[in-house]
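# Coordinate inspection notes
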Amino acid sequence: MTSRRLFLSTVLAGLAVPVLAEAALTAAEQAAVDSVTRWMRGLKTLTATFVQIAPDGAFTTGRLWIQRPGQMRMQYDPPADILLVTTDWRLVFYDAKVKQVNYIPVGETPIGFLLSENPDFGKEVLIRKVRVAGGEIAITAYRKGNEGQGSVELVFAQKPVELRRWTVLDPGGTKTVVTLSDVQTDRRIDQALFTWRDPQLFGYPELN
């Protein structure tokens with residue numbers, strides 16, 4: 001798997017996944033979804049370290065910063081030298097090793113749902129499955145109108161609610177898992193972390 005596919009699979013669900021059907025939820029499942037929705041709407045910022053497990057078992061580490069609405073930065077530790085950062089409507093993928101930049105509309109990424117101003121399961125995304133077990137709430141969802149993009153599973157601690165990990169399908173239908181640790185919420189984040197300057201005008205930035 002190329003580095004570009006590997007790291008974009010963090011935020012992009014696979015294109016080869018079968019079309020999904022929306023689930024009918026029990027009262028308990030709906031209550032769990034509602035608790036997650038309230039947490040997401042109340043979240044201002046989140047920082048964490050992460051471990052990403054690729055479909056072949058290889059892992060990478062890095063740091064995550066989220067400021068809602070609309071801003072996210074994932075910076076991978078060496079030797080990856082990969083940066084994912086959202087700026088207005090775009091998600092920027094930057095591979096510092098080869099000086100390659102790709103731009104993807106945030107609205108086309110399942111993880112972009114976490115960044116929306118007023119996240120609402122049933123409007124932006126539809127729910128495929130909900131699992132409440134072992135002190136966790138797992139919600140498998142897909143973007144409304146783009147069922148062919150595949151699905152993402154978001155896993156939250158149940159009490160108190162907190163994002164723990166997510167799983168995304170790559171174009172071959174295999175899974176990439178991102179697990180968070182050292183999660184901190186509602187703390188001030190340096191706004192420079194969400195700045196991206198056109199490298200053709202300002203040069204390619206060095207990471208780490």
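Before any of the text, the structure's been laid out above.
Residues numbered from 1 in each chain as written. Predicted model: local features only at pLDDT ≥ 70, side-chain atom pairs only at ≥ 80, totals over all residues. Heavy atoms only, no water.

## Overview of the nonpolar core
For clarity, the threshold we go by: Put simply, a nonpolar core is a bunch of buried Ala, Val, Leu, Ile, Met, Phe, Trp, Tyr and Cys residues held in one set by side-chain atoms that sit within 4.5 Å of each other. A simple rule labels every residue: compare its accessible area, found with a 1.4 Å probe on the protein chains alone, to the largest value its type can have, and call it buried under 20%, exposed over 50%, or partly exposed in between. To qualify as a helix, a DSSP run of H or I must reach at least 4 residues; to qualify as a strand, a run of E must reach at least 2; elements of each kind are numbered from the N terminus. Contact between two residues is taken to exist if any of their heavy atoms lie within 4.5 Å; hydrogens are not considered.
With 41 residues, the main nonpolar core has L64, M74, F121, W166 and L180 as its most contacted residues. Among the elements that line this core, the one with the most residues is helix α2 (residues 27-42), at five residues. Apart from the residues lying within four places of it in its own chain, the contact partners of F121 are V33, V36, T37, M40, F113, I127, I139 and A141. The next biggest cluster of nonpolar side chains, apart from the first, holds seven residues, and it includes L83, V85, A96 and W196.

## Points about the pairing of strand β7 (residues 125-133)
How we decide: At least two DSSP bridges between two strands are needed for those strands to be called paired.
Relative to strand β8 (residues 136-143), β7 runs antiparallel, the two sharing eight bridges. By the bridge assignment, A133 is partnered in β8 with E136. The hairpin turn running from β7 into β8, its antiparallel successor, is two residues long, and G134 in that turn takes a positive phi close to 60 degrees.

## Topic: the sheet that holds strand β1 (residues 45-53)
So the rule is basically this: Lines are fitted to the C-alpha atoms to define the axes, a helix being fitted only along its stretch in contact, and any angle between axes, read from their N-to-C directions, falls within 0 to 180 degrees.
Within the open sheet, the 11 strands sit side by side as β6-β5-β4-β3-β2-β1-β11-β10-β9-β8-β7. Their pairing is antiparallel. The strands lining the two open edges of the sheet, one partner per strand, are β6 (100-105) and β7. Adjacent strand axes in the sheet meet at a mean angle of 20 degrees when their direction is disregarded. Here β8 pairs with strand β9 (residues 152-157) via six bridges, running antiparallel. Bridge assignment links E136 to a residue of β9, and that residue is A157.

## Focus: the pattern of salt bridges
For clarity, the threshold we go by: By definition, a salt bridge exists where a carboxyl oxygen of Asp or Glu is found within 4 Å of a side-chain nitrogen of Lys or Arg.
Taken as a whole, this structure holds four salt bridges when the rule is applied. When the shortest N-O distance is used, the salt bridge between R131 and E153 registers 3.9 Å. Remark: E153 occurs in strand β9 and R131 occurs in strand β7; sequence separation between them is 22 residues. R131 gets classed as partly exposed once you look at its relative accessible area, which sits at 35%. Salt-bridge contacts for E136 lead to R164; the nearest nitrogen and oxygen are separated by 3.0 Å. Placement of the pair is E136 in strand β8 and R164 in strand β10 (residues 162-169), with a sequence separation of 28 residues. On the basis of relative accessibility, which here comes to 34%, the residue R164 falls in the partly exposed class.

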